[in-house]
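# Observations on the model geometry
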Amino acid sequence: MASFLSRSRTLQFLFFLFLSGSVLQIQTLATDQSVKTFIFRIDSQSKPSIFPTHYHWYSSEFASPVQILHTYDTVFHGFSATLSPEQAASLSRHPSVLAVFEDQRRELHTTRSPQFLGLRNQQGLWSESDYGSDVIIGVFDTGIWPERRSFSDLNIGPVPSKWKGVCQTGVRFTAKNCNKKIIGARFFSKGHEAGSAGPIGGINETVEFMSPRDADGHGTHTASTAAGRYAFRASMEGYAFGIAKGVAPKSRLAVYKVCWKNSGCFDSDILAAFDAAVNDGVHVISISIGGGDGISSPYYLDPIAIGSYGAASRGVFVSSSAGNDGPNGMSVTNLAPWLVTVGAGTIDRNFPAEVVLGDGRRLSGVSLYSGAPLKDKMYPVVYPGKSGVLSASLCMENSLDPNLVRGKIVICDRGSSPRVAKGLVVKKAGGVGMILANGISNGEGLVGDAHLLPACAVGSEEGDAVKAYVSSGANPTATLDFKGTILGIKPAPVVASFSARGPNGLNPEILKPDLVAPGVNILAAWTEAVGPTGLDSDVRKTEFNILSGTSMACPHVSGAAALLKSAHPDWSPAAIRSAMMTTASIVDNRNQPMTDESTGKPSTPYDFGAGHVNLDRAMDPGLVYDITNDDYVNFLCAISYGPKVIQVITRSPVNCPAKRPKPENLNYPSIAALFSTTARGVSTKTFIRTVTNVGQPNAVYRVKIESPEKGVTVNVKPSRLVFTEGVKQRSFVVTITADSKNLVLNDSGAIFGSISWSDGKHEVRSPVVVTQLDPL
């Protein structure tokens with residue numbers, strides 16, 4: 001891992017040298033002269049006074065021969081335009097151009113969970129915040145299906161006076177589709193349409209709506225998870241039956257459609273949505289979008305990082321998904337320290353199903369199949385992968401021989417195509433059922449799917465067992481038994497196998513993900529445009545659907561932030577994040593350490609960050625770690641970004657301190673100590689942190705230290721913090737000492753501990769990570 005981190009830092013350093021030398025980064029080959037979309041970062045202070053607006057200046061100074069798509073003037077100054085790389089390189093030499101980068105495509109990170117977060121009716125945070133009333137959540141996603149009951153404005157007060165947004169109309173979306181719940185809606189397609197000449201193609205208006213209306217379902221699901229109304233009974237085809245409710249049921253929704261069915265989300269459109277949302281007056285932004293390969297760009301080349309900085313610097317809390325490339329290490333995305341990065345955990349509800357083999361064994365799995373059951377009838381079972389043909393083992397389109405699978409239950413390996421699509425392939429070939437088997441990379445992590453035929457997903461061990469049974473028997477048979485909804489599952493929460501993991505590949509001094517929230521088998525509202533599988537051939541209609549992903553975890557934290565903002569209007573985004581992180585739980589409902597679904601072993605802060613959100617405690621955290629805009633600027637100076645590079649992110653010119661700060665001294669609610677692999681003997685790292693008292697004015701907090709084992713000691717001075725009505729902030733120093741002779745890291749390349757401050761009522765906990773890093 002250390003060598004990988006070293007390569008990551010070297011790449012980041014080379015990017016920095018290139019950008020600071022020419023103030024330009026074009027991510028394309030010079031020989032490729034096809035027209036593309038580029039985002040131009042402009043020094044706004046260079047605008048000549050003869051132009052009334054930046055748009056007039058850009059149109060006059062830069063437009064010929066380019067086509068301007070978006071202009072940005074709130075979280076970012078500049079524009080996006082379509083032109084050739086040669087033209088982009090020419091424009092980059094304009095003295096007002098700070099940076100140029102090519103538009104990139106991003107991906108979506110695809111009930112009962114409010115109780116699992118610690119929310120209770122008529123008391124606690126729901127009551128204290130009036131269920132998030134008058135807080136506006138901006139959801140960046142695939143749009144919304146406004147007719148769903150989750151978005152009713154019954155008994156909601158008038159639209160907040162702060163709101164300055166619009167209800168943009170379009171195909172099947174009129175001004176009447178907005179109300180006192182959905183107070184605004186916009187859609188952004190110019191960047192996507194400009195990229196239509198590439199392999200993605202344009203927006204397919206036979207399956208999409210050129211409007212804020214949701215043709216995919218993902219946006220409707222995330223919006224209702226964050227802020228769906230608490231009003232009525234709901235289920236998905238009988239599964240997960242209960243009362244429908246989002247985390248912040250009275251919060252207002254502002255919809256920003258930046259992602260399009262089957263074709264993703266483009267940076268230029270996402271940046272335009274950030275610009276609009278902050279200008280419109282949102283308090284919280286929920287963005288379940290990111291890279292799909294676990295590789296993150298430097299902050300100055302990442303429009304999500306740039307846009308979210310502009311939002312956070314204006315007091316807007318931004319919640320983002322960590323990504324679904326777990327359980328691989330260093331797979332977490334959305335790494336900027338001003339973002340809140342959310343991983344996924346399970347809740348205490350499951351949808352069990354069993355594979356019953358002909359020899360009597362019963363193998364546990366999960367399923368959301370709701371059609372006609374197999375009624376205990378045994379069927380021949382076959383594994384197409386026995387032939388050695390990879391496409392057949394994965395049940396890819398047109399890979400199955402109907403003569404082999406007709407009338408049988410088919411074993412399909414997970415990977416390369418959607419899980420529900422494999423079942424459709426089996427059904428088309430004449431199969432009567434499917435066993436979906438995890439490979440070693442997925443381990444035992446399972447999620448439910450609303451399959452079109454009887455199907456059961458099983459873990460890697462059960463998959464190997466059923467394959468061995470098929471190989472050893474002359475006439476192997478099986479059936480599938482569906483158990484419905486089971487509550488009170490233990491252990492829970494468990495870190496989801498797919499949830500992206502740390503360490504932070506850009507700056508391991510900042511622990512990412514920040515925390516985890518419910519993200520497995522989450523029931524929420526769904527579009528009318530497609531069935532629960534999202535497949536074109538799925539003609540079923542359902543008001544609710546059950547999905548899994550860090551996409552589902554992110555809006556839980558967005559809704560939580562809305563509640564905390566409503567209860568504490570003066571708290572900054574950093575204070576809200578701190579309240580959630582320092583009160584997060586690291587144990588499950590057995591009061592045992594949270595486990596990792598992929599291994600069954602105890603999970604670590606690289607898996608869950610500070611822990612699982614516990615809103616019953618977050619309302620009253622006692623102390624918070626606050627962070628100012630200047631602190632973030634000092635962090636950017638600390639990681640060797642020059643003033644021009646930093647201005648790409650911050651919009652305003654900056655001056656770095658003469659003595660370069662240390663990135664680990666950003667006032668984050670976690671601590672990561674990096675020691676060199678070449679160090680010999682005893683090495684020491686010091687960290688400075690400042691806490692603000694948001695509890696009773698007169699309080700005394702004492703420190704509790706859980707030192708990582710094996711060659712590490714942790715010391716905190718002072719060991720006691722005294723607060724009065726006149727003294728609301730106190731600083732302390734953490735000293736971590738590592739002895740290279742005795743330092744033994746675990747499989748993830750780190751060891752873990754914590755420091756906690758307690759006054760007898762509150763416990764303010766911060767995870768501590770100790771690792772080794774190859775020097776540059």
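Residues numbered from 1 in each chain as written. Predicted model: local features only at pLDDT ≥ 70, side-chain atom pairs only at ≥ 80, totals over all residues. Heavy atoms only, no water.

## Brief notes about the sheet that holds strand E12 (residues 264-266)
Worth spelling out the cut-off: Strands were regarded as paired on the criterion that DSSP finds at least two bridges between them. Strands here are runs of E lasting at least two residues and helices are runs of H or I lasting at least four, both read from the DSSP assignment and numbered beginning at the N terminus.
Strand order in the open sheet formed by four strands is E11-E12-E5-E14, with antiparallel pairing between adjacent strands. Unpaired on one side and paired on the other, strand E11 (259-260) and strand E14 (289-290) mark the two borders of the sheet. Sheet topology places strand E5 (residues 105-108) next to E14; two bridges connect them, and they run antiparallel. In the strand pairing of E14, Leu-108 is matched with Ile-289.

## Side note on the sheet that holds strand E29 (residues 623-624)
Either a parallel or an antiparallel arrangement is found when strands of a sheet pair, and the pairing is made through backbone hydrogen bonds. The four strands are arranged E29-E31-E35-E33 in an open sheet whose pairing can be described as antiparallel. This sheet does not close on itself; its edge strands, each paired only once, are E29 and strand E33 (712-717). Two elements, E29 and strand E31 (residues 682-693), share two bridges in a ladder whose sense is antiparallel. Note on E31: the bridge partner recorded for Leu-623 is Asn-693.

## Brief notes about the confidence of the model for the chain
Selection rule: Residue-level confidence of the predictor is summarised by pLDDT, bounded by 0 at the bottom and 100 at the top. Contacts were defined at the residue level, with two residues in contact if any of their heavy atoms lie within 4.5 Å.
Across the chain, pLDDT averages 88, with 90% of residues at or above 70. Confidence drops under a pLDDT of 50 for residues 1-32, and excluding neighbours within four residues, the segment shows 75 contacts in the predicted structure. In this model residues 111-120 is a low-confidence stretch, pLDDT under 50, and it forms 42 contacts with partners more than four residues away in sequence or in other chains.

## Considering the pairing of strand E22 (residues 433-437)
Two faces belong to every sheet, and in a regular strand the side chains alternate between them. To keep it simple, the criterion reads: Per-residue accessibility, obtained with a 1.4 Å probe over protein chains only, is compared with the maximum for each type, and a residue is labelled buried under 20%, exposed over 50%, and partly exposed between these values. When the strands point away from the viewer, a crossover counts as right-handed if the path from the first strand over the helix to the second runs clockwise.
Judged by how many residues are buried, E22 sits mostly within the fold: five of five residues are covered. Covered by surrounding structure in E22 are Gly-433, Ile-435 and Ala-437 together with Met-434 and Leu-436, the residues of both alternating faces. Here strand E21 (residues 409-413) runs beside E22; their pairing, made up of five bridges, is parallel. Each residue of the ladder has a partner; that of Asp-413, found in E22, is Ala-437. As for the winding sense of the linkage, the β-α-β connection from E21 through helix H12 (residues 419-428) to E22 is right-handed. Pairing analysis gives four bridges linking E22 to strand E23 (residues 455-458), with the strands arranged parallel. Directly across from Ala-437, in E23, lies its bridge partner Val-458.

## Considering the packing of helix H18 (residues 629-638) against helix H19 (residues 643-650)
Our working definition: Axis geometry follows a simple rule: fit a line to the C-alpha atoms, using only the stretch in contact for helices, then measure angles between N-to-C directions, giving values from 0 to 180 degrees. Angular relationships are summarised with four words: roughly parallel below 35 degrees, roughly antiparallel beyond 145, roughly perpendicular across 65 to 115, and oblique for the angles in between. Left-handed describes a crossing whose near helix is turned anticlockwise from the far helix through less than a right angle; right-handed describes the clockwise counterpart.
Two numbers describe how H18 lies on H19: the axes approach to 10 Å, and their chain directions differ by 140 degrees. The orientation of H18 relative to H19 falls into the category oblique. Where H18 crosses over H19, the two elements pack in a sense that is right-handed. Contact residues: H18 offers Val-633, Leu-636 and Cys-637, while H19 offers Ile-646, Ile-649 and Thr-650.

## Focus: the side chain of Asp-481
What counts, and what does not: What qualifies as a polar contact is a pair of N or O atoms within 3.5 Å, subject to a donor-acceptor requirement within protein and to the restriction that residues adjacent in sequence count only when both atoms come from side chains.
The topology assignment puts Asp-481 in strand E24 (residues 477-482). A polar side-chain atom of Asp-481 sits 3.0 Å from a polar atom in the side chain of Arg-362. Among the polar contacts listed, one links the side chain of Asp-481 to the side chain of Lys-483, at a separation of 3.0 Å. Non-local contacts of Asp-481, meaning those with residues more than four positions away in its chain, are made with Ala-353, Glu-354, Val-356 and Arg-362.

## Description of the pattern of salt bridges
Spelled out, the test is: Here a salt bridge means any side-chain nitrogen of Lys or Arg lying within 4 Å of a carboxyl oxygen belonging to Asp or Glu.
In the structure shown here, the tally under the stated rule is 23 salt bridges. Between Asp-302 and Arg-106 there is a salt bridge; the shortest N-O distance is 3.0 Å. Considered together, Asp-302 and Arg-106 belong to a single accessibility category, that of buried residues. Close ionic contact of Asp-449 with Arg-419 constitutes a salt bridge, the shortest N to O distance being 2.6 Å. A residue pair is termed long-range when its members are at least 10 positions apart, and Asp-449 in the loop between E22 and E23 and Arg-419 in helix H12 qualify at 30 residues. We classify Asp-449 as buried; its relative accessible area is 11%.

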